[in-house]
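Below are the chains, spelled out letter by letter.
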Amino acid sequence: MSWLHKNVNIGHNQFNEKSFFTKLSKNALILGKPVMVQLYTLYLLFKSAETPLRSKMLILGALLYFLSPIDLIPDLLGPIGFTDDIAVITMVCRQLQKTITPALKAQAETAVSRFFHR
C-alpha cells in the first residue's frame with residue numbers, strides 16, 4: 001500500500017513512496033543522518049494507524065514539500081538548496097515531538113543506517 005492512498009499527481013510529477021525513497025537515497029549524504037532520521041520518522045508516523053488525522057496532514061505537507069521540485073531554495077544548489085526543506089521538516093518534527101516515541105525513532109534510525117553503510 002502506498003503511503004498515499006493513491007499517487008498524488010501535481011503537474012507532471014508523481015508523489016509516492018518510490019519517489020520518496022529515491023530522493024532519500026540520492027541525497028542522503030547531502031541531508032545528513034539527523035535530517036534523514038527526521039524524514040523517516042515522519043514517514044513512519046504518517047503510515048501509523050495511531051497517528052491522528054491532523055498530525056498526518058502536517059506530515060503530508062512536509063513530505064510533499066520535500067518531494068516537490070518547487071522550493072523557495074532549489075535543491076539543485078546542494079546543501080544550501082535543502083535548507084528550506086530541513087526547516088519545514090524540523091518544524092513539523094518539533095510540533096509532533098510528543099507523538100514520536102523512542103521505539104519509533106529507533107526504528108527510523110535503523111532504517112536510515114542502510115543509507116550510510118556500504
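Please refer to the structure higher up on the page.
Residues numbered from 1 in each chain as written. Predicted model: local features only at pLDDT ≥ 70, side-chain atom pairs only at ≥ 80, totals over all residues. Heavy atoms only, no water.

Visitor: Help me understand the packing of helix 2 (residues 33–47) against helix 4 (residues 83–95), please; the structure alone is not making it clear to me.
Guide: Helix packing geometry: the angle between the two helix axes and the distance between the axes. Viewed as axis vectors pointing N to C, helix 2 and helix 4 meet at an angle of 55°, and their least axial separation amounts to 10 Å. Looking at the two axes, helix 2 sits oblique to helix 4. Note on packing geometry: the crossing formed by helix 2 with helix 4 is left-handed. On helix 4, the residues that touch V35, Q38, L39 and L42 of helix 2 are I86, I89, T90, V92 and C93. Counted by class, the contact of helix 2 with helix 4 contains 7 nonpolar, 2 polar and no charged residues. (Axes fitted to C-alpha atoms, helices over the stretch in contact; angles between N-to-C directions. Helix = DSSP H or I, 4+ residues; strand = E, 2+ residues; numbered from the N terminus. Parallel < 35°, antiparallel > 145°, perpendicular 65-115°, else oblique. Left-handed = near helix turned anticlockwise from the far one by under 90°. Contact = heavy atoms within 4.5 Å. Nonpolar A, V, L, I, M, F, W, Y, C, P; charged D, E, K, R; others polar.)

Visitor: Would you explain the packing of aromatic side chains in this entry?
Guide: The way to describe two aromatic rings as a pair is by their centre distance and the angle between their planes. One pass over the full model with this rule turns up 7 aromatic pairs. Seen in terms of ring centroids, F20 and F66 are 6.3 Å apart; in terms of plane orientation they differ by 75°. Their pairing is edge-to-face. Pair noted here: F20 is in helix 1 (residues 17–31) and F66 is in helix 3 (residues 53–67), with a separation of 46 residues, a long-range link. What makes F20 buried here is its relative accessible area of 0%. The class of F66 is buried, set by a relative accessible area of 1%. Seen from their ring centres, F66 and F82 are 6.5 Å apart, and the 35° between their planes marks the pair as tilted. Remark: F82 occurs in the loop between helix 3 and helix 4 and F66 occurs in helix 3; sequence separation between them is 16 residues. Considered together, F66 and F82 belong to a single accessibility category, that of buried residues. Among the aromatic side chains, those forming a connected cluster through ring pairs are F20, F21, Y40, Y43, F66 and F82. Positioned above the aromatic ring of F66 is the side chain of K23, whose terminal nitrogen or guanidinium carbon lies 4.9 Å from the ring centre. (Phe/Tyr/Trp six-rings, centres within 6.5 Å; stacked < 30°, edge-to-face > 60°. Buried < 20%, exposed > 50% of the residue type's maximum accessible area, 1.4 Å probe, protein only. Lys NZ or Arg CZ within 6 Å of the ring centre and 35° of its normal.)

Visitor: Help me understand helix 1 in this model?
Guide: Counting along an α-helix, one turn takes 3.6 residues, and residues three or four places apart therefore face a common direction. Between the first and last C-alpha of helix 1 there are merely 18 Å, a value that for 15 residues lags more than 12% behind the 21 Å anticipated at 1.5 Å per step. The sharpest bend along helix 1 measures roughly 40° and falls at S25. Every buried residue of helix 1 is listed here: E17, F20, K23, L24, N27, A28 and L31. By the N-cap criterion, in which a side-chain oxygen at the helix start approaches the backbone nitrogen of a residue two or three places on, helix 1 is capped by N16, the distance to K18 being 3.1 Å. (Expected span 1.5 Å × (residues − 1). Bend = angle between axes of the 7 residues up to and from the residue. Polar contact = N/O pair within 3.5 Å; in protein donor to acceptor, adjacent residues only side chain to side chain.)

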